[in-house]
Amino acid sequence: MKKLMLVAALVLVFAGMSFAQDHASSTATINANIQKGLTISVSNAILDLGNLVAGTTPAAVSPLSGTVPAFTVTGDGGHVVNVSYDATVTLNGPSSATMTFNSDFKGDASGTQGSAGAVGATVTLSGASPATGNYYFWLGGNVGSIDPAQAPGSYTGTFHVSVNY
């Protein structure tokens with residue numbers, strides 16, 4: 001019994017003691033900026049080069065005048081957007097014949113087709129955040145010199161443009 005009392009007394013003595021503890025903490029700030037989602041729409045979605053003659057060099061279609069495919073990008077105003085597009089497009093024709101279309105892609109934040117300039121790797125949407133901003137693109141181009149032996153028939157291809165923040 002004496003041993004039991006001694007053990008109980010020791011437990012009580014040690015229970016009342018406090019021991020030094022090592023503790024540290026730190027914090028980090030988390031930020032997020034929500035941007036409007038990007039959309040891209042196209043009007044006049046077909047660029048018709050018309051009837052072309054083998055062995056000739058047809059005139060280029062200017063993206064600055066006439067009815068050409070017109071793309072509108074909409075997103076968070078004032079933000080920079082990365083742009084990628086096809087510099088060339090393969091036009092597929094009859095019996096596996098092909099031609100190359102060389103794109104002439106122009107753009108402008110004001111929506112003024114006649115004064116649009118060359119499109120670089122980045123563009124800035126009109127306006128300022130949080131308002132909606134836009135950028136406008138127009139597609140023109142040419143097929144260069146057509147080989148005199150080019151197979152007659154219809155040729156078609158698809159032009160791609162993509163944008164991201």
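The preceding data block contains the structure.
These figures come from a predicted structure and were not determined experimentally.

Conventions used here
- As a convention, each chain's residues are numbered from 1 in the sequence order in which they are written.
- In view of the model being predicted, local features appear only for residues whose pLDDT reaches at least 70, and side-chain atom pairs are presented and counted only at 80 or more, with totals across whole chains, interfaces and linings using the full set of residues.
- The basis for every side-chain value is the complete set of heavy atoms in the structure, and neither hydrogens nor water enter the calculation.
- Here is the rule: rings of Phe, Tyr and Trp (six-membered ring for Trp) pair when centre to centre is within 6.5 Å. Planes less than 30 degrees apart are stacked, more than 60 are edge-to-face, and the remainder are tilted.
- Secondary structure elements are taken from DSSP: a helix is a run of H or I of four residues or more, a strand is a run of E of two residues or more, and numbering for both begins at the N terminus.
- In this scheme, a residue with accessible area under 20% of its type's maximum is buried, one over 50% is exposed, and one in between is partly exposed, where area comes from a 1.4 Å probe on protein chains only.
- Strands qualify as paired when DSSP identifies two bridges or more between them.
- Lines fitted to C-alpha atoms define the axes, with helix axes restricted to the stretch in contact, and inter-axis angles between N-to-C directions lie between 0 and 180 degrees.

Novice: Before we go on, may I ask you to explain the packing of aromatic side chains in this structure?
Specialist: As enumerated under the stated definition, the model contains eight aromatic pairs in all. Ring centres 5.9 Å apart and planes at 75° place the aromatic pair F71 and F105 in the edge-to-face group. With a gap of 34 residues between them, F71 in strand 2 (residues 70–76) and F105 in strand 5 (residues 98–108) connect regions that are remote in the sequence. Consider the rings of F105 and F137, whose centres lie 5.0 Å apart with planes at 15°: the pair is stacked. Here F137 lies in strand 8 (residues 132–142) and F105 lies in strand 5, a separation of 32 residues in the sequence. Here F105 matches F137 in class, with each residue buried. Through pairs of rings, three or more aromatic residues link up here, namely F71, Y85, F105, Y135, F137 and F159.

Novice: It is not clear to me how the sheet that holds strand 3 (residues 80–85) should be interpreted in this structure. Could you clarify?
Specialist: Each strand in a sheet pairs with another by means of backbone hydrogen bonds, the pair being arranged parallel or else antiparallel. The strand order across the open sheet formed by three strands is 7-3-9, and the pairing between neighbours is antiparallel. Each edge of the open sheet carries a strand with a single partner, namely strand 7 (122–124) and strand 9 (161–164). Sheet twist, expressed as the mean angle between neighbouring strand axes with direction ignored, is 35°. Bridging between strand 3 and strand 7 involves three bridges; their strand directions are antiparallel. Paired with V80 across the strands is T124, a residue of strand 7.

Novice: Explain unusual backbone geometry here, please?
Specialist: As a rule of thumb, non-glycine residues mostly have phi less than zero, and peptide bonds are mostly trans rather than cis. Looking along the chain, the bond that leaves S129 and enters P130 is cis, with omega of 10°. Counting through the fold element by element, P130 comes out in the loop between strand 7 and strand 8. Backbone geometry places N44, a non-glycine residue, at a positive phi of 55°. With respect to the helices, strands and loops of the structure, N44 is situated in the loop between strand 1 (39–43) and strand 2. Phi at S95 is positive, roughly 50°, even though this residue is not glycine.

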